[in-house]
Amino acid sequence: CQSYFLLNNYSNAVLVLLISTLIYLFNFNSTLNGVLYGKNLFREAFYSHAFGRTAFIILTIISLFIVKNYVLLIILLFLGGAIHLGTILRYLGNTGIKVTRNDIQFSLLKKILPASLPIGLGTFFAFAYDKIDVLLIREIINSNAVAIYSAGYSLYKLPIILTPVLLVPLFTDLSSKLKSS
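All values derive from a computational prediction rather than experimental measurement. Per chain, residues are indexed from 1 in the order of the written sequence. Only residues with pLDDT of at least 70 get local features here, since the model is predicted, and only at 80 or more are side-chain atom pairs given and counted; chain-wide, interface and lining totals rely on the full set of residues. Heavy atoms from the whole structure form the basis of all side-chain values; hydrogens and water molecules are not counted.

## Some points on the overall build of the protein chain
For the purposes of this entry, the term helix denotes a DSSP run of H or I that reaches at least four residues, the term strand denotes a run of E that reaches at least two, and both are numbered from the N terminus. Helix and strand counts for the protein chain stand at 6 helices and 0 strands. Reading the protein chain from its N end, one meets helices and strands in the order α-α-α-α-α-α. For the protein chain, with 181 residues in total, the buried portion stands at 19%. Accessibility here uses a 1.4 Å probe with only protein chains present; expressed as a share of the type maximum, an area under 20% marks a residue as buried, one over 50% as exposed, and anything in between as partly exposed.

Below is the structure:
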């Protein structure tokens, strides 16, 4: 299947589809992990992350020895995300949380979507603002400068990402104590 797409120049369309699906898949997984955190299932949230990432790492190492192809690596990343999603859904099923199409209230969604439009636009523009520097550096200087800048910026961004990861369990515990008192 992969050689068919590569031979018939469909690889770009498949890559765009896989990469864009990955973005939504990992965001969806993150949202569902938040539900696990909200249910005080911190161990299950960690295991679901660890299981999906470990599967991806093992599959990647195996694939690097068999086939050296970036399309295969993206497919493996997708499989890792799917394994992560399956693990989260299993843990959520054990808690009794199951969402079906009948549970979705479309009338409520019609009320929520207009209210969430401003924050959605704000998030989009914040994302664009966060990425414009890389595009400008590439156009003004070159791709090597972007690589150096991105490496340094990722060191700055890492503590910003880790802080919520560490504080979410603390905030959940604090809110449950405030609710009970």
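## Quick notes on the environment of T95
Inspection of the secondary structure assignment puts T95 in helix 4 (residues 70–95). One polar contact links the side chain of T95 to the main-chain carbonyl oxygen of L92, over a distance of 2.6 Å. Under this definition, polar contacts are N or O atom pairs within 3.5 Å; protein pairs additionally need one hydrogen-donor-capable and one acceptor-capable atom, and for neighbouring residues in sequence, both atoms have to be side-chain atoms.

## Overview of the packing of aromatic side chains
Centres within 6.5 Å make a pair out of two Phe, Tyr or Trp rings, where for Trp the six-membered ring is used; the pair is then stacked when the planes are under 30 degrees apart, edge-to-face when over 60, and tilted otherwise. In the structure shown here, the tally under the stated rule is 3 aromatic pairs. With a centroid separation of 5.7 Å and 40 degrees between ring planes, the pair formed by Y37 and F42 is classed as tilted. Judged by its relative accessible area of 19%, Y37 falls in the buried class. Judged by centre distance (5.2 Å) and plane angle (70 degrees), the rings of F124 and F125 are edge-to-face. Side by side, F124 and F125 carry an identical accessibility label, which is exposed.

## Focus: the packing of helix 3 (residues 42–66) against helix 4
Every axis corresponds to a line fitted to the C-alpha atoms, with the helix fit spanning only the stretch in contact, and the corresponding angles, defined between N-to-C directions, vary from 0 to 180 degrees. Where helix 3 meets helix 4, the axes come as close as 8 Å, and the angle between the chain directions of the two elements is 155 degrees. In terms of orientation, helix 3 lies roughly antiparallel with respect to helix 4. Crossing of helix 3 over helix 4 shows right-handed handedness. Here the nonpolar group is Ala, Val, Leu, Ile, Met, Phe, Trp, Tyr, Cys and Pro; Asp, Glu, Lys and Arg are the charged ones; every other residue, Gly included, is treated as polar. Residues belonging to the contact of helix 3 with helix 4 are distributed by class as follows: 13 nonpolar, 8 polar and 2 charged. Relative orientations are named as follows: roughly parallel for angles under 35 degrees, roughly antiparallel for angles over 145 degrees, roughly perpendicular for angles from 65 to 115 degrees, and oblique for any other angle. Should the near helix be turned anticlockwise from the far one by less than a right angle, the crossing is left-handed, and should it be turned clockwise, the crossing is right-handed.

Note that every value here comes from positions in space, so none of it alone points to a role or purpose.
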